[in-house]
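A structural walkthrough
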Amino acid sequence: MSDETYQLKTDINSQETRKRLYKRTLLIVSISQIFGGAGLAAGITVGALIAQQMLGTDAFSGLPSALFTLGSAGAALLVERLSQRHGRRIGLTAGFTIGGIGAIGVIIASSLNSIILLFASLLIYGAGTATNLQARYAGTDLANTKQRATAVSFSMVFTTFGAVAGPNLVNIMGDFAVSISLPSLSGPFILSAAAYILAGLVFFILLRPDPLIIAKSITVNLEQGKQTDNIVEEQAENRKGIMVGATIMVLTQIVMVAIMTMTPIHMGHHGHDLGQIGLVIGFHIGFMYFPSLFTGILVDKIGRIPMAIASGVTLLLAGLIGALAPGESMFLLTVALSLLGLGWNFGLISGTALIVDSTETSTRAKTQGTVDVLIALAGASGGALSGMVVAGSSYTTLSFIGGVLSLILIPVVVWSKKKIVD
């Protein structure tokens, strides 16, 4: 059934209908995020290791993270434009499918030992990263102001299942790759390709009616005075709120990507095997997503600003522990990376809620896509510079710089406290 046909046959002004559509959309987004999380996590775990193996140096080991993050910037624009014109279903399906194609390209590049093809494929693979993030907005389209952070959290919780499974399947997928005469490190990208394509299929088949298209129709009815309840509310664009939300997410992304990218290399230098690296990254990604079960509720109840401050403090602790932890200590590295994921989680959900609060339904997808481009570019910068910092100094220096940088969040949100309504 098309969205237009659905609107003709269904009373979308009905509070009960909208609640049902809201819950159904959250369920579909959550199912897709399981696959999306697996596709994202598997590639992150070994991307730097493939580049290190091909190039024979650590100096450019941050490039894979930078490339697929840079690629996600371009993909965020594509997904945003498709979503704005045709709805979330088309935009998210396209993004995940392109990400899957990129993962296939990485597999081919690894088998051919082609660094040029690897870098090109990583750019395309970044579409999955962008889409995985933009999917969180779909759950907010039909949410009211007191449900938005919770809606983001709900979808992100389900990302945890795939995100934790991905890194912990590194050895299994590596063995599978070897069994079909492919390099061991290409194995996780086999998982990524399948997971991203499945995530896209879930959206393409099940996301009907499209939540963004329905939300726009409801807004039109509100403007015509046909509806007065608060299930979906229209508000004027708040540029200050958008700026603060974007700043929170950009800073947390830079710190998280920089430290995360170089952790596998750092651990490899201290004798940790691929399984141990996968375990630490698995904890990190688990803490990026699973705390969402509570974070969204806290952001909606306590407020966007207090949780953004909590993000800065948590990232500072992560950086300090990472800087002081002996390279041989699995426990301390796991604690540092877990806090890194948790701080990112606090920042992403509070920042996302601010963005949704501050945008109009008619231009929401466009603004969200633009903000996600900035987030992607920030991550690309963090990933690219991280390898250079470690090569020129040490992982300790990188972790310390990341922790200190996160403190910028605090004056930003304190300044904003009187500027925006929390």
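Please read these numbers as outputs of a predicted model, since none were measured by experiment.

Points about the packing of helix H10 (residues 239-269) against helix H13 (residues 304-324)
At a minimum axis distance of 11 Å, the contact between H10 and H13 shows a crossing angle of 15 degrees. In terms of orientation, H10 and H13 fall into the roughly parallel class. H13 is crossed by H10, and the crossing has left-handed handedness. Residues Ile-248, Thr-252, Val-255 and Ile-259 of H10 form the contact with H13, whose own contacting residues are Ala-308, Ser-311, Leu-315 and Gly-319.

Here's the deal with unusual backbone geometry
For the peptide bond that leads from Arg-208 to Pro-209, omega is 0 degrees, which places it in the cis range. Relative to the elements of secondary structure, Pro-209 occurs in the loop between helix H8 (187-206) and helix H9 (211-223). Phi at Asn-113 is positive, roughly 55 degrees, even though this residue is not glycine. Looking at the secondary structure, you find Asn-113 in the loop between helix H4 (88-112) and helix H5 (115-138). A positive phi angle, close to 65 degrees, is found at Ser-181, a residue other than glycine. Within the secondary structure, Ser-181 is located in the loop between helix H7 (170-179) and H8.

Structural notes on the packing of aromatic side chains
Considering all chains together, one arrives at 5 aromatic pairs under this definition. Ring centres 6.1 Å apart and planes at 10 degrees place the aromatic pair Phe-96 and Phe-203 in the stacked group. Taken together, the positions of Phe-96 in helix H4 and Phe-203 in helix H8 put the pair 107 residues apart, joining distant regions of the chain. Assigned by exposure class, Phe-96 and Phe-203 land together as buried. When the ring of Tyr-289 is compared with that of Trp-344, the centres are 5.6 Å apart and the planes differ by 70 degrees; the resulting orientation is edge-to-face.

Comments concerning the nonpolar core
Counting residues in hydrophobic clusters, the biggest one holds 82 residues, and the most contacted among them are Ile-50, Leu-122, Phe-189, Phe-203, Tyr-289, Leu-340 and Trp-344. Counting 9 residues, the second-largest nonpolar core is a separate cluster that includes Leu-21, Tyr-22, Ile-214 and Ala-215.

Things to note about the pattern of salt bridges
Tallied over the entire structure, the rule returns 4 salt bridges. Between Asp-300 and Arg-304 there is a salt bridge, with the nearest N and O atoms lying 2.9 Å from each other. Between Asp-357 and Arg-304 there is a salt bridge, with its nearest N and O atoms 2.8 Å apart. Taken as a pair, Asp-357 in helix H14 (residues 330-357) and Arg-304 in helix H13 lie far apart in primary sequence, 53 residues in all. By relative accessible area, Arg-304 is classed as buried at 5%. The structure contains a network of salt bridges with shared partners spanning Asp-300, Arg-304 and Asp-357.

Basis of the calculations
Residues numbered from 1 in each chain as written. Predicted model: local features only at pLDDT ≥ 70, side-chain atom pairs only at ≥ 80, totals over all residues. Heavy atoms only, no water. Axes fitted to C-alpha atoms, helices over the stretch in contact; angles between N-to-C directions. Helix = DSSP H or I, 4+ residues; strand = E, 2+ residues; numbered from the N terminus. Parallel < 35°, antiparallel > 145°, perpendicular 65-115°, else oblique. Left-handed = near helix turned anticlockwise from the far one by under 90°. Contact = heavy atoms within 4.5 Å. Phe/Tyr/Trp six-rings, centres within 6.5 Å; stacked < 30°, edge-to-face > 60°. Buried < 20%, exposed > 50% of the residue type's maximum accessible area, 1.4 Å probe, protein only. Core = buried A, V, L, I, M, F, W, Y, C linked by side-chain atoms within 4.5 Å. Salt bridge = Lys/Arg side-chain N within 4 Å of Asp/Glu carboxyl O.

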